[in-house]
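Survey of secondary and tertiary structure
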Amino acid sequence: MKPAQPVSLPRDIDLVSLRLFLSALEEGSLARAAARENIVPSAVSKRMSEMEEAFGVLLLDRGVKGVQPTPAGTALAAHVRRLLQDMERMHREMAGYATGVRGRVRLAVSVAALSGDLPERIQSFRRAHPQIDILLQEDTTQAAFRAVLEGQADVAAGSDFGHDGLQVYPCGHCELAAVVPGQHLLAERETLDYAQLLPFELVELNRDNGISSVFEQAAQAAGVTRRISARVSAHETICTLVARGMGVAVVPLYLKARYAHLDIRFIRLTGPWSSTPICIAVRDPDALAPAARTLLAHLGVLP
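Below you will find a few notes about this structure. (Residues numbered from 1 in each chain as written. Predicted model: local features only at pLDDT ≥ 70, side-chain atom pairs only at ≥ 80, totals over all residues. Heavy atoms only, no water.)

1. Thoughts on the overall build of the protein
On a plain count of helices and strands, the protein comes out with 10 helices and 12 strands. Taken over C-alpha atoms, the radius of gyration comes to 24 Å for the protein, far larger than the 19 Å a tight globule of 303 residues would show. Considered along the principal axes of its C-alpha atoms, the protein spans approximately 75 × 50 × 35 Å. Of all 303 residues assigned to the protein, the portion counted as buried reaches 46%. Across the protein, the fraction of contacts at a sequence separation of at least 24, relative to all contacts at a separation of at least 6, is 72%. As displayed, the protein offers around 15300 Å² of accessible surface, 52% of which is attributable to carbon and sulfur atoms. (Helix = DSSP H or I, 4+ residues; strand = E, 2+ residues; numbered from the N terminus. Rg over C-alpha atoms; globule rule 2.2 N^0.38 Å. Buried < 20%, exposed > 50% of the residue type's maximum accessible area, 1.4 Å probe, protein only. Contact = heavy atoms within 4.5 Å. Areas by Shrake-Rupley, 256 points an atom, 1.4 Å probe, with all protein chains shown as cover.)

Structural data, given as structure tokens:
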């Protein structure tokens, strides 16, 4: 699904006014917006009034505690953000044409996406294209996808758990393993099905991590309600809590070598819940800057 096109601007509204408008919304105050943009407050107020006159609608509710957007102001802010993103993309693209493909790619990734060969492929891309900077930020899958939708990242990589509004491309799998305390009843098993973990207390990631939905589906398929002893933000914390007897868990298999010093056992999972698909997600591949398209071509998801 292609994003909505930016609003057409009246001739007498410039980018400075639009940036000031966003600053006022983000700061909640014309005075703070003025300080942030190094301009006198009266000039900010004048520009906001001129915008409202040009559009013929009230954009800001002004009060003693600051400013809040009207419904029209909220709608305009979405258009302005897209417009400024398009302007930034235009400048990057022109720079790429002028000097060869260069620039930066904002890449949001999940832990699962980093569990396979993606880090090595990113490093090989950096060696092949030293003029392109990769700004990599780790987050949950849902947060990574949301960053692309909101224009805060160019490309996301994560588990394929719902992606409305994004174009996705398959990019491998994340192999999973059960992790149990070293003296646990299941510790001597060579393989496990996820359902065999359900009689025990579970340590899981926070609910906003996409893989939680997979475990919920698996429990429903087995007709068992999960008993969660703890929800945490990282797989590393899960391994620590399992070692302290807080329960059993499922984590990416690649963590086995990293936590060999803990008294825990990693047991390969079998069955339909033994791995999760990894995908690359973008909002609109045709609108990507050359640097981002070059990365996706290197990853084998675009020609």
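Moving on, there is more to tell.
2. Some thoughts on the pattern of salt bridges
As enumerated under the stated definition, the model contains 13 salt bridges in all. Close ionic contact of Glu 27 with Arg 36 constitutes a salt bridge, the shortest N to O distance being 3.1 Å. A salt bridge links Asp 154 to Arg 106; the nearest nitrogen and oxygen atoms lie 3.0 Å apart. With Asp 154 in the loop between α6 (141-149) and β5 (155-159) and Arg 106 in strand β3 (residues 103-109), this pair connects stretches of sequence that are 48 residues apart. Here Asp 154 and Arg 106 have matching classes, each one buried. (Salt bridge = Lys/Arg side-chain N within 4 Å of Asp/Glu carboxyl O.)

3. Some thoughts on the environment of Tyr 254
Mapped onto the elements, Tyr 254 comes out in the loop between β10 (249-252) and α9 (255-258). Owing to a relative accessible area of 28%, Tyr 254 belongs among the partly exposed residues under this scheme. A C-alpha to C-alpha distance of 7.8 Å links Tyr 254 and Gly 116, two positions 138 residues apart in sequence.

4. So, the packing of aromatic side chains
Taken as a whole and judged by the stated rule, the model has 1 aromatic pair. Ring geometry for Tyr 194 against Phe 215: centres 5.2 Å apart, planes inclined by 10 degrees, an arrangement best described as stacked. You can see Tyr 194 sitting in the loop between β7 (191-193) and β8 (202-205) and its partner Phe 215 sitting in helix α7 (residues 211-222), a full 21 residues away along the chain. Of the two residues, Tyr 194 and Phe 215, both sit in the buried class. (Phe/Tyr/Trp six-rings, centres within 6.5 Å; stacked < 30°, edge-to-face > 60°.)

5. Here we look at unusual backbone geometry
For Asn 38, which is not glycine, the phi dihedral falls at a positive 55 degrees. By the element assignment, Asn 38 lies in the loop between α2 (30-37) and α3 (41-55).

6. Describing the side chain of Thr 141
When you line up the elements, Thr 141 lands in helix α6. Engagement of the side chain of Thr 141 in a polar contact is seen with the side chain of Ser 110, the distance being 3.5 Å. (Polar contact = N/O pair within 3.5 Å; in protein donor to acceptor, adjacent residues only side chain to side chain.)

7. A short note on the pairing of strand β4 (residues 132-138)
With 7 bridges connecting them, β3 and β4 associate as parallel partners. Bridge assignment links Gly 103 to a residue of β4, and that residue is Ile 132. The parallel pair β3 and β4, bridged by helix α5 (residues 118-128), forms a crossover whose chirality is right-handed. (Pairing = 2+ DSSP bridges. Right-handed = clockwise from strand over helix to strand, strands pointing away.)

8. Describing the packing of helix α1 (residues 15-27) against α2
It is the contact of α1 with α2, at a shortest axis distance of 8 Å, that shows an interaxial angle of 125 degrees. With respect to their mutual orientation, α1 and α2 come out oblique. The crossing of α1 and α2 is right-handed. Contact residues: α1 offers Leu 20, Ser 23, Ala 24, Glu 26 and Glu 27, while α2 offers Leu 30, Arg 32, Ala 33, Arg 36 and Glu 37. Residue composition of the contact of α1 with α2, by class: 4 nonpolar, 1 polar and 5 charged. (Axes fitted to C-alpha atoms, helices over the stretch in contact; angles between N-to-C directions. Parallel < 35°, antiparallel > 145°, perpendicular 65-115°, else oblique. Left-handed = near helix turned anticlockwise from the far one by under 90°. Nonpolar A, V, L, I, M, F, W, Y, C, P; charged D, E, K, R; others polar.)

9. What about the nonpolar core?
Core analysis: the biggest nonpolar cluster contains 63 residues, and Tyr 194, Leu 197, Phe 266 and Leu 296 have the highest contact counts within it. With 8 residues, the top contributor of residues to this core is strand β6 (residues 167-181). Excluding residues within four positions of it along the chain, Tyr 194 makes contact with Leu 202, Glu 204, Phe 215, Ala 218, Ala 219, Arg 226, Val 250, Leu 269 and Trp 273. If you look at the next biggest cluster of nonpolar residues, it comprises 21 residues, including Ala 33, Val 44, Val 67 and Ala 77. (Core = buried A, V, L, I, M, F, W, Y, C linked by side-chain atoms within 4.5 Å.)

10. Some words on the packing of α1 against α3
One way to put it is that α1 packs onto α3 with a least axis distance of 10 Å and a crossing angle of 105 degrees. One element, α1, and the other, α3, form an angle in the roughly perpendicular class. Touching Val 16, Ser 17, Leu 18, Leu 20 and Phe 21 of α1 are Val 44, Arg 47, Met 48 and Met 51, all from α3. Broken down by class, the residue content of the contact of α1 with α3 amounts to 7 nonpolar, 1 polar and 1 charged.

11. A closer look at the state of the cysteines
A covalent bond between the sulfur atoms of two cysteines is referred to as a disulfide. Evaluated as defined, the whole model comprises 0 disulfides. Of all cysteine sulfurs, the one in Cys 174 lies closest to Cys 239, which takes part in no disulfide; the gap is 12 Å. Cys 171 supplies the cysteine sulfur nearest to Cys 279, a cysteine that is in no disulfide, at a spacing of 8.5 Å. With a relative accessible area of 1%, Cys 279 lands in the buried category. (Disulfide = S-S within 2.5 Å.)

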